[in-house]
Amino acid sequence: MNTLHLQKQMRRRKRVAVSPLVVCRSTRQGHAHFETSDQSTGAGGRMADDFSQSLTPPVSPFAADSFCDMTPARPPCFCCSETKEDPIGALSPQGYAAGGSLKRLLLRLDPAPAEYETDTVEIFGFPWVTETALVESTKLLFGNLHYEAEDLRQQCVSFLQYVKVFLHRYIYIKFTSNGNVGSLGLFWTLMSLALFFQILRTHLLPGYDDSHPYEELEAQLPSALLEEVFGITLLVGRLKDLPANVQSAFTIANPGKIFPPSWHLLHLHLDVHWSVLEILHILSHKMQGQVVYAHQFVNLTGENLTDSSLFEEHLCSLLCDLTALAMGKYSKVRPTEALSSHHYLCSCTKELWVLLMHLLEYRNKVLHTQSFWSYMNSLLRPLVSGKPAAEQFSGLPTHCKDPLGFTWWLLTHVAMLGQYSRSGTHQHEKHLAENWTFVEELLKLSCNPKGGVAEEQVRMHVHCCLSVCLLWDPSTSAVSTLWDYYSRNLRFLHCTLARRVWHGHSVQDALALFEQARSCCSPAPLHSPGHTQLYRSGNSFHLFLRVLALCLAQDRAGGAPQRQIKGRIYSKFSSKKMQELPEAGLMNFLLLFLVVARQMELEDVASRACELLGYLPSNCPPGTAPWGLDVGAQAGWLASSFNETAKEFYDKTTDVSRRLALWGPLGSYLEGVAEVFETSSSLNLSEEKLLNEGFDWLLPACRPSELNSALGFLQIVLSQLRRVHQRSVQSAPASAWAPGNGSVVKERHLAVAAALWAHFFSFLRSLRLSQTPPAQLADTAAGFTLLAFDLPGSAPQDLQPNPVQSIMQCFGWDDMVHPVLVTRYLPHLLQNSELVSSLSRDSVVSGSAQSLSVRAWFRCVLQQHLHKNPDGSDSRTGRAVEEQLLELTRLVLRLPEVEGLLQRAGLQPPASRTEPTAALEIFVKAVGGVYSGLQVLSERSAMVTRALDYIGDIMKHIKPSLVSKSQEGLQLAYWAVAQQLLFRIVDGLLLPHNLTQQDKALRDSLPLYLQGLSVASCVSQSQGAYLKQQLRSVTRRYLDHFLPASPSMGVISNHPVLLGACEANPTPRGAALRKTILEVLCTSFLQFKGHAPPPRLAAVLMFLLELLRRNSDSDPALLTVPLPSLLRCVMLVNEPQVRKTSTDALQLVVERCAAASTEGPSDQMITVLGSFVGENEGVYDRQVYSVLETVAVLDPSVVQALIPNLSISLRNTEHKRGLGRNIALRTAYRKLLCLLGESGQAEITSLEAE
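Residues numbered from 1 in each chain as written. Predicted model: local features only at pLDDT ≥ 70, side-chain atom pairs only at ≥ 80, totals over all residues. Heavy atoms only, no water.

Identification of the chain as Protein MMS22-like from Dissostichus mawsoni is taken from an unreviewed UniProt entry. What the UniProt record of the chain gives under Sequence similarities (unreviewed entry) is the line "Belongs to the MMS22 family. MMS22L subfamily." (UniProt positions renumbered as here; feature names shortened; annotations may be inferred.)

Student: Help me understand the overall build of the chain, please; the structure alone is not making it clear to me.
Tutor: If you tally the helices and strands in the chain, you get 61 helices and six strands. The buried share of the chain, reckoned over its 1250 residues, is 50%. Pairs at least 24 apart in sequence give 75% of the contacts found in the chain among residues at least 6 apart. For the chain, the accessible area works out to roughly 58,700 Å², and carbon and sulfur atoms hold 54% of it. (Helix = DSSP H or I, 4+ residues; strand = E, 2+ residues; numbered from the N terminus. Buried < 20%, exposed > 50% of the residue type's maximum accessible area, 1.4 Å probe, protein only. Contact = heavy atoms within 4.5 Å. Areas by Shrake-Rupley, 256 points an atom, 1.4 Å probe, with all protein chains shown as cover.)

Student: I tried to follow the side chain of Glu706 on my own but got confused; where do I start?
Tutor: Take Glu706: it is sitting in helix α33 (residues 704-730). Glu706 has contacts with Phe649, Trp663 and Ala701, leaving out every residue within four places of it along the chain.

Student: So what exactly am I meant to see when it comes to the environment of Pro113 here?
Tutor: Within the secondary structure layout, Pro113 lies in the loop between α4 (101-106) and β3 (120-123). Here the alpha-carbon distance between Pro113 and Val165, two residues 52 residues apart in the chain, equals 8.3 Å. For Pro113, the contacting residues outside a window of four places in its chain are Arg104 and Arg169.

Student: Would you mind going over empty space enclosed by the protein with me for this structure?
Tutor: Where empty space is left can be seen by rolling a probe of water-molecule size over the atoms. According to the stated counting rule, one finds eight cavities of 30 Å³ or more in the structure shown. Roughly 100 Å³ of internal volume is contained in the largest cavity. Forming the boundary of the largest cavity are 13 residues, of which Arg104, Leu105, Arg108, Leu109 and Ile282 lie nearest the centre. Every element with two or more residues in the lining of the largest cavity is listed here: α4, α7 (152-170) and α11 (261-286). The element contributing the most residues to the lining of the largest cavity is α11, with four residues. Across the lining of the largest cavity, the residue classes tally to four nonpolar, four polar and five charged. (1 Å grid on protein atoms, 1.4 Å probe; cavity = no way out; pocket = protein on both sides within 12 Å on 5 of 7 lines; lining within 4 Å. Points joined across faces, edges and corners; volume = space filled by probe spheres on them. Nonpolar A, V, L, I, M, F, W, Y, C, P; charged D, E, K, R; others polar.)

Student: Please clarify how the pairing of β3 should be interpreted in this entry.
Tutor: Each regular strand shows side chains that alternate between the opposite faces of the sheet. Taken together, the four bridges between β3 and strand β4 (residues 126-129) define a ladder with antiparallel strand orientation. Across the sheet, Thr120 pairs through a bridge with Val129, a residue of β4. Two successive antiparallel strands, β3 and β4, enclose a turn made up of two residues, where Phe124 displays a positive phi of approximately 55 degrees. (Pairing = 2+ DSSP bridges.)

Student: Can you help me understand the confidence of the model for the chain in this one?
Tutor: Caution applies to low-pLDDT parts of the model: their predicted coordinates are not meant to be read in detail. This prediction gives the chain a mean pLDDT of 78; 79% of its residues lie at or above 70. Ranking the elements of the chain by mean pLDDT puts strand β1 (residues 22-26) last with 31 and helix α35 (residues 777-790) first with 94. Within the model, the stretch residues 495-508 combines pLDDT values under 50 with 30 contacts to residues more than four positions away or in other chains. Within the model, the stretch residues 734-740 combines pLDDT values under 50 with zero contacts to residues more than four positions away or in other chains. (pLDDT = per-residue confidence, 0-100.)

Student: Any chance you could explain a nonpolar patch on the surface here in plain terms?
Tutor: Together, Tyr931, Val944 and Leu948 line one region of the surface with nonpolar side chains, adding up to about 250 Å² of accessible area. Relative to the elements of secondary structure, Leu948 occurs in helix α43 (residues 937-951). Leu948 sits in the exposed class, given a relative accessible area of 53%. (Patch = residues over 30% accessible without salt bridge, like charges linked within 9 Å, V, L, I, M, F, W, Y side chains within 5 Å. Salt bridge = Lys/Arg side-chain N within 4 Å of Asp/Glu carboxyl O.)

Student: Would you mind showing me how to read helix α24 (residues 540-553) here?
Tutor: An α-helical turn contains 3.6 residues, so a residue and the one three or four places further along point in the same direction. Between its first and last C-alpha, α24 extends 20 Å over 14 residues, near the 20 Å set by a 1.5 Å rise per residue. With respect to burial, α24 is a largely interior element, 13 of its 14 residues being buried. The residue sitting at the N-terminus of α24 and contributing the capping side-chain oxygen is Asn539; that oxygen lies 3.0 Å from the backbone nitrogen of Phe541. (Expected span 1.5 Å × (residues − 1). Polar contact = N/O pair within 3.5 Å; in protein donor to acceptor, adjacent residues only side chain to side chain.)

Student: Before we go on, may I ask you to explain helix α25 (residues 560-571) in this structure?
Tutor: The terminal C-alpha atoms of α25, which comprises 12 residues, lie 16 Å apart, in line with the 16 Å expected from a rise of 1.5 Å per residue. Burial in α25 covers these residues: Gln562, Ile565, Lys566, Ile569 and Tyr570. Looking straight down α25, one finds that the buried residues subtend no more than 140 degrees of arc, so they occupy a single side. Structurally, α25 contributes buried residues whose contacts are with α19 (476-489), α24, α27 (583-599) and α28 (602-613). (Arc of directions from axis to C-beta.)

Student: I would appreciate a short explanation of the packing of aromatic side chains in the present structure.
Tutor: What characterises a pair of aromatic rings is the spacing of the ring centres plus the angle enclosed by the ring planes. Counted under the stated rule, the structure contains 38 aromatic pairs. Here Trp373 and Trp472 contribute two aromatic rings whose centre-to-centre distance is 6.1 Å and whose plane-to-plane angle is 85 degrees, an arrangement assigned as edge-to-face. Remark: Trp472 occurs in the loop between α18 (455-471) and α19 and Trp373 occurs in helix α15 (residues 372-385); sequence separation between them is 99 residues. Their ring planes at 10 degrees and their centres at 4.1 Å tell us that Phe642 and Tyr669 sit as a pair that is stacked. Of this pair, Phe642 sits in helix α29 (residues 631-650) while Tyr669 sits in helix α30 (residues 656-679), placing them 27 residues apart in sequence. A connected cluster of aromatic rings, assembled from ring pairs, spans Trp483, Tyr485, Tyr486, Phe541, Phe544, Tyr570, Phe573, Phe589 and Phe593. Sitting over the face of the ring of Tyr535, Arg459 holds its NZ or CZ atom 4.8 Å from the ring centroid. (Phe/Tyr/Trp six-rings, centres within 6.5 Å; stacked < 30°, edge-to-face > 60°. Lys NZ or Arg CZ within 6 Å of the ring centre and 35° of its normal.)

Student: For this particular structure, what's the right way to read the pattern of salt bridges?
Tutor: One side chain can pair with another of opposite charge once the charged atoms of both are near each other. Enumeration over the complete set of coordinates arrives at 35 salt bridges. Put simply, Arg824 and Asp779 hold a salt bridge, and the shortest N to O gap is 2.6 Å. Pair noted here: Arg824 is in helix α37 (residues 819-830) and Asp779 is in helix α35, with a separation of 45 residues, a long-range link. Of the charged contacts in the structure, one is a salt bridge between Lys1140 and Asp1144, with a shortest N-O distance of 3.1 Å. A residue pair is termed a helical-turn pair when its members lie 3 or 4 positions apart in one helix, as Lys1140 and Asp1144 do in helix α55 (residues 1136-1156) at four residues. Put simply, Asp110, Glu117 and Arg169 are held in one network by salt bridges that share partners.

Shown next as structure tokens:
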């Protein structure tokens, strides 16, 4: 503690110690009456006798004023007067949980941090010294607990609260060398006693002996406290031993604010029982695991009594008594009310259960004692087994009307209380561990065929098991035990729907069976009427199905335990058992498999169910399955229902959960219609009615996964329609004797095709430009293309007169369609020999169709590298394009037109798999070879046109590569375009692999080439960007190639790039070339790496100076391009030749910019200089001032415009350094300002005035 707190405590003890001994008694009017100890009479005198050997007088008169005006807060206690009966309602706010007492106990915090902070505390109407009363007056205080009558409950509860606070605050432990308790007490108490002894010896008791029994009393406090607590337990007895008239207070209805004395007495018992456990728990914690013995009790009886044994004994007695009270209530509970009737008699006993749960779970985790369920299992196991109970639970009544049912009932309701937190609030989470081991023992007893448990009882037991499953994670072992029971009794469980469905073939009743399966898979909340009333709504098998559904729903039946359960269910059915099942058993079988199918793999479960139904005997009642159902008769009703459901699914206001629920029947409809098309041999019924306008609503509302399902359904329908139609066409000659039949079938096929075009194709066409098209879009579009090829008349008018070519233009030939769609769509068609032959035979569209297919392939090859992840790895889309492009390449090389080109050029594609890039190279060479062999101008012109058709808009094809900067894509594009077409001269002559062999030719032609390429890049509209890039590349390459390692005026003056850039009279075209050269110089040859200058800096600066000198450019925009690099060279490089060259170039730039800016300083110069100052602020400040001095000598007006920025920069630098004015920096800045005339002098004056 700190010194201030020490002084405060000493003052408190001094006031108490020097005061005369007094006794404070409470009168009935509530006033405090003080008498000296030697004048006390009556009760006061008796108390004076009790205090004759005590150092703790009740109180000093100095503390009377502050004490008598203070009203202590009411400690927590059990109270149900203001609590409504609610199974999930919060506990009483005055209780131990809601008031925070339980949480503070388990967190080892002060039980009442705001109480007992004064020097004295009133207990049983008398004031006591807070920090020593329990040590010195243990027996007296506990004696008052036994005999005080007035305001009994409040006094007792307050005292027990004081005991807990005293234990927490004022007890600490010292260990002697042998591990025993040496002394207990507080430093502050000892200091107070020492001071008190000194005063007593000096002023009051001259002959008083120094020794005093306080230390001895303090050391004996734990043992004495244990004995007194044991005495309390003997005094109050057990709850089960209370008189009947007191126990009846549990059932008193709330009459308002007034309760009979029996109610208060009963709840006082609850307070005392819980407080005893609290005190023993705190005592054990404060003793740090050291065992506390009741020495006086041991000496008198010879029996051991410790804090842990007393805690164990009292706890077991309390659990036993609470169980006995619940047993008495269960005797009046009917099975139908098992889950709505609770085991506690009032909310106080409910809270006591919650307190015991949390306390025991805490002790189990921290002290490694038994858990709550371990105690309860030990208590209840003998009850259901019929064996005698353990000694600590000997008080449990031996008679119970239904021990097994009572155990199920009590365990379930106690488990429900596990959802209460330490704060007394009900939460949807577990605060109590699971107890499946004991539950499985109970299940085995309930399902024991030798036990003779009736269906009504089993129903209640399974109902309780279902409740436990909703609280805990379902147990596979428990489900297996239940299934073993029901697999033996499946035929004996009556189902109310069985006879009506089996004999009446009622669709409504069949739907009711399906609805019952759905309800089994959708459990109601635990405390809802839908759950508590399940006992009345079905048999125990229906309750078991709910337990099964919960277990299978774990992880959506994806784990091994769920598969194990499914295997157990399958294994219990055989052909013999299926034949022995009666109607009710068959209906239970169907209900079971419906539940399993909803929770697991539908296809697998349905297949197994159908297999088992095939074992039914021949005399099985008809109508067990809808065989022979006429689709045409039901199509209208199904279509109408599907249309309404699809509209609701499309509605934007439909809730997400509702949409998910709607997809179930919609998906079933798709599966059913697909099955109709797959199983139909002629499609001559009313199948087109099933393809109705509901799909116009459904498709736009589908999510990606749902859309894939819908497109998969559409592919099935398209393929089946084409299959049936082709078969009907092939069999038409054999049916010539019935010519009308073929026309009718074709009409039906046209009707189905018309429905497909009307309700599906427009949606597919709306997806064709998507950058993330569905995977099956290409397959479905190809199906429509082939349908148009088979039934061209069925296609809509906007696709006529050539529907196949129109669809191919939409999905395959359009340059806007994503390559992943094109590369998957075209192979479906190009591998169809009949379609390719048809396109080849048609002279009008043959050439264009094949050329457009080649162009689409050409584009996809150029764009194949676009689909990569940011890290350069192949994405899923990229891999799909790569795989599909291989197949498309193979098919394109087999087109008649392409095969003809390869043959004429004498080239053959490799026999093995051809890579797209290699195939493109072969194709380009073939085109070039054929063109080279043509002699007639008209043929050469036609071949050029044909080649352009193959290539298409090449810049449009490579634009995505330019935007994404795909290196592989750009390389491929440049190769495909430049090598064979426009820029072959650049690659072959200007950029050869070995430059040294052609220096003479290059020197002669390079200046003219640079000038021409610069002009072309300025005037070209379609290829200007590429030409500018090519110009920069050539300039960079040859600047580096012809630039000497050391400065040589003779070499530099004849540099071919310099010769190409020089003009006698400046022109805009020449200025554009010079600007490009300056930009290349700055970006590639004048970039510093930190402080290190670039290589060949002197030679580069000499080239730059010559370029500026030989041209009389006056445009500041051009002249200021090299200015940042020149400023940096002047600032950082001190080598004489570099400094002289860079200074000369800087002077030339500044002077020309000043001469060109007649109306004031050059804006471009100001911008560059401002950036230069900002970039070097705080790093090279003095060097910046030195460079600016050079500029100021040449053009002061430019630097004058920077004065505000320079001053701000100076102050920022000083502020960042945090050392006040930087004299050296200000001196350099003042030197610069002296060169700037009046503006500089004014700024100097301003700086000096700061």
